[in-house]
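# Residue-level structure breakdown
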2 protein chains.
Amino acid sequence: MARRPNTNASLRDVAKLAGVSAQTVSRVANGSDAVRSATRERVLSAMDQLGYRPSFAARSLRAGTYRSVGLVMPCDISATGRRFQLEGIATAAAERKYALTLVQLCDGDISLEDASRRMASLPVDGQILGLGSDPSDFATFVPPATIPTVIISTHPHPRCATVSNDQVACSTAIVDYLVSMGHREIRFAGGRREAPANIGRLEGWMAAMAAHGLACHEPLFGDWTADSGYRIGALLAHDDTCTAIYAGNDAMAVGVIYALRDAGRRVPEDVSVIGVDDSLVGVIPRLELSSYRFDDEQVGAIAFDLAINPPLGDVPPHTLVQGAVVKRSTVAPPRS
Amino acid sequence: MARRPNTNASLRDVAKLAGVSAQTVSRVANGSDAVRSATRERVLSAMDQLGYRPSFAARSLRAGTYRSVGLVMPCDISATGRRFQLEGIATAAAERKYALTLVQLCDGDISLEDASRRMASLPVDGQILGLGSDPSDFATFVPPATIPTVIISTHPHPRCATVSNDQVACSTAIVDYLVSMGHREIRFAGGRREAPANIGRLEGWMAAMAAHGLACHEPLFGDWTADSGYRIGALLAHDDTCTAIYAGNDAMAVGVIYALRDAGRRVPEDVSVIGVDDSLVGVIPRLELSSYRFDDEQVGAIAFDLAINPPLGDVPPHTLVQGAVVKRSTVAPPRS
DNA sequence: TCATAAAATGTTTACGTTAACATTCCACGA
DNA sequence: TCGTGGAATGTTAACGTAAACATTTTATGA
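We now turn to the structure provided with this report. What you are looking at is a predicted structure, and each value in this text was computed from that prediction instead of being measured.

Calculation criteria
Residues numbered from 1 in each chain as written. Chains lettered and ligands numbered in written order. Predicted model: local features only at pLDDT ≥ 70, side-chain atom pairs only at ≥ 80, totals over all residues. Heavy atoms only, no water. Helix = DSSP H or I, 4+ residues; strand = E, 2+ residues; numbered from the N terminus. Rg over C-alpha atoms; globule rule 2.2 N^0.38 Å. Contact = heavy atoms within 4.5 Å. Areas by Shrake-Rupley, 256 points an atom, 1.4 Å probe, with all protein chains shown as cover. Lys, Arg positive; Asp, Glu negative; His and termini not counted. Charge placed at Lys NZ, Arg CZ, Asp CG, Glu CD. Near = heavy atom within 4 Å. Polar contact = N/O pair within 3.5 Å; in protein donor to acceptor, adjacent residues only side chain to side chain. Phe/Tyr/Trp six-rings, centres within 6.5 Å; stacked < 30°, edge-to-face > 60°. Buried < 20%, exposed > 50% of the residue type's maximum accessible area, 1.4 Å probe, protein only. Pairing = 2+ DSSP bridges. Axes fitted to C-alpha atoms, helices over the stretch in contact; angles between N-to-C directions.

### Overview of the overall build of chain A
Broken down by element type, chain A carries 11 helices and 12 strands. Since a compact globule built from 336 residues should have a radius of gyration of about 20 Å, the 27 Å found for chain A marks it as more spread out than a globular shape. For chain A, the C-alpha atoms occupy an extent of roughly 90 × 45 × 35 Å along the three principal directions. Once local pairs closer than 6 in sequence are excluded, the contacts in chain A between residues at least 24 apart make up 68%. Surface accessibility of chain A: about 15,000 Å² in total, with carbon and sulfur atoms responsible for 51%. With 33 positive and 36 negative side-chain charges, chain A shows a spacing of 11 Å between the two charge centroids.

Here it is, written out as structure tokens:
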């Protein structure tokens with residue numbers, strides 16, 4: 001068994017072994033066609049023999065670029081939505097042959113400033129800051145001049161490009177869809193009242209209802225859990241006029257459905273329920289829940305492009321990405 | 001407003017502006033105390049003025065290390081379990097002040113060879129390959145000599161350190177727990193028959209039952225979905241002797257529960273059901289499902305340490321990480 | 001056979017940093 | 001007043017790579 005080289009071989013080492021110059025080895029390493037095939041063979045064999053691995057450090061020092069973007073996310077990457085954004089960004093990176101440097105920021109240090117400082121010492125050409133709900137220094141943060149910075153946020157940032165899911169459009173699409181099915185009385189069973197996502201959707205629901213000339217009855221709020229959905233569902237079960245409920249997420253939708261059924265109302269025959277996130281596929285037996293699926297792939301792709309290719313203008317762009325309704329359990333309202 | 005520097009300032013630029021040598025700037029940048037405070041001030045101000053950002057490339061070229069590890073994961077990072085491992089690894093990295101370079105490998109190219117080749121050109125000191133179920137070249141793969149390689153896999157690899165959740169221990173813990181509650185007839189409602197995780201758990205279930213002198217009745221298999229759990233639950237509902245069911249995951253457990261209830265059996269009063277992964281917290285209203293929670297933080301931490309600090313011996317270590325039963329809905333069997 | 005162009009290969013240099021060593025400066029005691 | 005020693009700062013070199021340019025080799029046609 002060949003003993004392992006205790007240190008990485010460089011172009012020079014390979015060159016010496018192959019009896020050529022370092023530049024020729026470099027050419028082979030980079031697939032230049034200006035190398036005779038006999039030479040190439042010799043070089044490749046030497047590389048193999050020495051276990052040559054090109055130095056990322058030297059290459060990027062030379063090139064002045066890393067072909068990599070940094071991504072900062074809070075600890076609970078698993079939290080719904082965020083993990084799909086991570087996938088979206090990773091996919092976008094892979095497609096463009098970029099690497100992704102992930103930094104998880106936890107508890108104490110959730111500020112854009114900290115996140116950015118951390119990134120500055122890492123090999124990234126741009127950075128995406130995906131720190132959920134409103135870091136403390138959101139308004140005052142000044143991005144470093146040397147790193148194009150993109151923030152994933154519902155609110156536009158004065159100095160950074162921002163991308164986010166379009167919460168208003170989510171409500172619009174859901175209301176439009178339900179109305180097109182014949183529903184007139186669509187209740188809002190939102191998540192945590194102060195959550196940015198919830199605020200945007202509430203706004204969108206009111207606007208969309210108004211646009212259809214429908215009345216917005218008392219919106220209700222929970223905390224994103226199934227139990228909070230159940231409480232709301234129990235309340236709404238007594239409202240016979242209500243034929244459709246727009247829940248803050250899928251867990252809440254499930255809670256609503258259970259409460260309705262426990263109260264003797266049929267879902268979806270009597271009441272249609274729709275959730276958001278499309279996160280519970282295959283989890284509840286015999287339940288194909290209608291939902292709204294955000295296009296996090298798109299969010300990731302756009303954030304990525306903005307980080308790589310920063311826009312020039314004075315006002316940083318705020319891009320909102322729309323998703324689509326996933327139609328499953330919802331049906332037309334009962335004929336009254 | 002100061003105009004942005006069009007290119008990154010280097011130590012030299014800062015040195016010139018501050019009227020010192022580059023070495024002094026380097027000392028300031030690295031917090032050396034051998035700099036007079038007046039000088040330090042001058043340098044810091046110059047850095048600020050020029051927006052100086054130390055070059056990761058130059059630093060790591062000098063140091064010969066990147067303080068970063070690579071992680072390869074398949075596209076569906078969101079798939080249960082995997083995303084917690086990602087969190088575990090990211091946390092371990094953060095604690096040790098390492099960066100994490102994430103590469104997502106999709107569809108076509110799920111092989112250790114491809115993954116490893118990809119990593120070789122990135123700034124990593126070690127790599128963790130987390131490619132789910134058995135890449136095609138698992139047995140033949142030879143890790144690069146220059147990059148310590150760790151594989152997250154249920155099977156030990158002949159040439160790489162491996163880490164994984166201990167599927168056998170999962171079964172042991174669950175069976176021990178249920179037996180301690182008084183259950184004697186514990187059925188196995190596993191996931192996909194050929195899945196490595198399922199195989200390990202089946203094995204563990206049989207061993208644990210045997211250890212308690214209990215008979216293993218016909219194990220059943222599904223496909224990890226709630227619906228497949230429902231089918232199995234419907235079957236087992238007619239078996240009056242069965243007082244506990246060990247489901248392949250939480251979704252299947254939910255399916256089993258629903259089938260049992262639909263068949264008129266009470267859960268947990270008549271039959272206790274336990275899942276695996278502890279993934280459905282807050283998703284089903286009024287259901288606190290018992291489950292087994294793997295310690296993916298630990299898996300991540302160990303994989304990370306092995307990647308940073310490769311073991312020396314001839315036989316690469318295979319580390320199994322145990323989790324713990326999360327006790328919630330399960331109760332003692334009914335007195336017969 | 002030789003001139004000539006084209007192909008193949010080699011040489012030099014700079015990217016930004018920091019260890020190692022060299023030099024300068026300053027405070028302090030004789 | 002002048003060493004003297006330590007603190008502060010400067011100089012040199014090397015890390016591995018690839019662009020730019022220089023040189024050598026090979027193929028081609030007269």
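### Some points on the protein's contact with DNA strand D
Around DNA strand D there are 24 residues in total, and Leu11(A), Gln23(A), Tyr52(A), Ser21(B) and Thr39(B) lie nearest to it. Of all atoms in DNA strand D that approach within 4 Å of the protein, 54% are sugar or phosphate atoms. A distance of 2.5 Å separates a phosphate oxygen of DNA strand D from a polar atom in the side chain of Tyr52(A). Arg62(A) is positioned with one of its side-chain polar atoms (N or O) 3.0 Å from a base nitrogen of DNA strand D. Of all the secondary-structure elements, those providing two or more residues to the surface near DNA strand D are helix 1 (11-18), helix 2 (22-29) and helix 4 (56-63) of chain A together with helix 2 (22-29) and helix 4 (56-63) of chain B.

### Considering the packing of aromatic side chains
One pass over the full model with this rule turns up 15 aromatic pairs over all chains. Judged by centre distance (6.1 Å) and plane angle (70°), the ring pair of Phe188(B) and Phe221(B) falls under edge-to-face. Here the residue Phe188(B) occupies a position in strand 6 (residues 186-190), and Phe221(B) occupies one in strand 7 (residues 220-221), the gap between them amounting to 33 residues. With a relative accessible area of 2%, Phe188(B) lands in the buried category. Here the aromatic rings of Tyr292(B) and Phe294(B) are separated by 5.0 Å at their centres, their planes lie at 75°, and the arrangement is edge-to-face. Of the two residues examined, Tyr292(B) and Phe294(B), each falls in the buried class. Pairwise contacts between aromatic rings join Phe56(A), Tyr66(A), Phe56(B) and Tyr66(B) into one cluster.

### Brief notes about the sheet that holds strand 6 of chain B
Sheet strands pair via backbone hydrogen bonds, and the direction of the pair is either parallel or antiparallel. Residues and elements named next belong to chain B. Strand order in the open sheet formed by four strands is 7-6-8-9, with parallel pairing between adjacent strands. The open sheet has two edge strands, strand 7 and strand 9 (272-274), and neither has a second partner. Note that strand 6 and strand 8 (residues 244-247) share four bridges and pair parallel. Paired with Ile-186 across the bridge in strand 8 is Ala-244. In the packing of helix 7 (residues 167-181) onto the sheet, the strands contacted are strand 6, strand 8 and strand 9, and the crossing angle to strand 8 comes to about 165°. The strands that helix 10 (residues 250-262) touches are strand 6, strand 8 and strand 9; relative to strand 9, the one it contacts most, it runs at about 160°.

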